Amino acid sequence: MRLDIAPEFELEWSRDLFGNSVATAYFLNSSDHLRIRSEVLLDQTPPFPLRTARPSTLVTFPAQFSELESAIAAAYQTTTFPEDVAKVKEWARTAIDLRWVRGAEDVVAGVALAIRRTIKYRRREAKGVQTPAITLAEQSGSCRDMATLMLEALRALGLPARFASGYLDCAASEAGRASMHAWAEAYLPEIGWIGYDPTLGEATSLKHVLTAVSNHPRGVMPVSGTFVDEKNAYIGMKVTVQTERIPVGA
């Protein structure tokens, strides 16, 4: 990984509560612009450990957590939008017929697929996320809005869930015109954290490059901070994401 930042800076690395790597830049000079270029070389391998089809790996629904896990699981079951809980729970139980699910992972997959089928993707430049109620009412939202709806739907069904942020290796990223991507992860006993992308309606894969996780959508902002200047000095921001495949042995 390499960070190229302007103006001149000093950098400190730390780990936050969720285990994310956080770089804090202290700027040494004044400037009329801020540029951050992050380059990461990834050597990707199949998920570990490999999943099997053994019946013993099927997690029942509702999921049962051990005494050791239950206290931490409870923190990820706590809603971020308490005023929307009733509406989200009603939608989730309508979108998924819980009588026919084989286990907890079917519920997670069902929520992602239901969002994909009912919510229209809409790129949204405004900061922050929509509330789940707004996303359901407008039946549209950005990837982060869909991820937020999935996050709250899983919690409404009793599953621990967290917000995940990163990049999607796709045609847009190969062309250098992609942006950040978001999805949700659920925690299942004995299996661990599993990711599903509601924008695509499928499980996460090697094309999903995870950079940060949090119990709240605000906890994964790629860049945050403050600057000091005259009022209305901010003139805009441009963000681009580009991926490139490097041949093995190159």
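Described in the following lines is the structure provided in the data block.

What counts as what
- Note that residues are indexed from 1 along each chain, following the sequence as it is written.
- Local features in a predicted model are, by the rule used here, given only for residues with pLDDT of at least 70; side-chain atom pairs are given and counted only at 80 or more, and totals for whole chains, interfaces and linings are based on all residues.
- To get the side-chain values, take all heavy atoms of the structure and skip hydrogens and water.
- Each axis is a line fitted through C-alpha atoms, and for a helix only the stretch in contact is used; angles between axes span 0 to 180 degrees, taken between their N-to-C directions.
- A helix here means a DSSP run of H or I that spans at least four residues, while a strand means a run of E at least two residues long, and both kinds are numbered starting from the N terminus.
- Here is the rule for handedness: rotate from the far helix to the near one, and if that takes an anticlockwise turn smaller than a right angle the crossing is left-handed, while a clockwise turn gives right-handed.
- We call two residues contacting when some pair of their heavy atoms lies within 4.5 Å.
- Each residue is assigned to one of three groups, with Ala, Val, Leu, Ile, Met, Phe, Trp, Tyr, Cys and Pro labelled nonpolar, Asp, Glu, Lys and Arg labelled charged, and all others, Gly among them, labelled polar.
- Orientation categories follow fixed angle ranges, with anything under 35 degrees roughly parallel, anything over 145 roughly antiparallel, 65 to 115 roughly perpendicular, and all other angles oblique.
- Each patch is built from salt-bridge-free residues with over 30% relative accessible area, joining like charges within 9 Å and nonpolar side chains (Val, Leu, Ile, Met, Phe, Trp, Tyr) within 5 Å.
- Only the protein chains shown count as covering a residue, and every accessible area follows the Shrake-Rupley method with a 1.4 Å probe.
- Think of a salt bridge as a Lys or Arg side-chain nitrogen and an Asp or Glu carboxyl oxygen that are within 4 Å of each other.
- When accessible area is computed with a 1.4 Å probe and restricted to protein chains, residues below 20% of their type maximum are described as buried, those above 50% as exposed, and intermediate ones as partly exposed.

**Things to note about the packing of helix α3 (residues 104-118) against helix α5 (residues 143-156)**
Helix-helix packing is characterised by the crossing angle of the two axes and by the distance between the axes.
Point 1. It is at 10 Å that the axes of α3 and α5 come closest, and there the two elements cross at 145°. Crossing of α3 against α5: the hand is right-handed. Residues Val108, Val111, Ala112 and Ile115 of α3 lie in contact with α5, whose contacting residues are Met146, Leu149, Met150, Ala153 and Leu154.
Point 2. Of the residues that constitute the contact of α3 with α5, the class distribution is nine nonpolar, no polar and no charged.

**Considerations on the environment of Gln139**
Point 1. Positionally, Gln139 belongs in the loop between α4 (132-138) and β6 (140-141).
Point 2. For the pair Gln139 and Thr118, spaced 21 residues apart in the sequence, the C-alpha separation amounts to 6.6 Å.
Point 3. Beyond its immediate stretch of four places on either side in the chain, Gln139 contacts Thr118, Ile119, Lys120 and Ile134.

**Examining the packing of helix α2 (residues 85-95) against α5**
Point 1. Where α2 meets α5, the axes come as close as 9 Å, and the angle between the chain directions of the two elements is 85°. Viewed along their axes, α2 and α5 adopt a mutual orientation that is roughly perpendicular. Each of Val88, Lys89, Trp91 and Ala92 in α2 lies in contact with α5, whose residues at this interface are Glu152, Ala153 and Ala156.
Point 2. Of the residues belonging to the contact of α2 with α5, the class tally is five nonpolar, no polar and two charged.

**Points about a nonpolar patch on the surface**
Point 1. Judged by side-chain polarity, Met1, Leu11, Trp13, Val40 and Leu42 come together as a nonpolar surface patch covering roughly 530 Å² of accessible area.
Point 2. Relative to the assigned elements, Leu42 resides in the loop between β4 (35-39) and α1 (67-77).
Point 3. Residue classification places Leu42 among the partly exposed residues on the basis of a relative accessible area of 49%.

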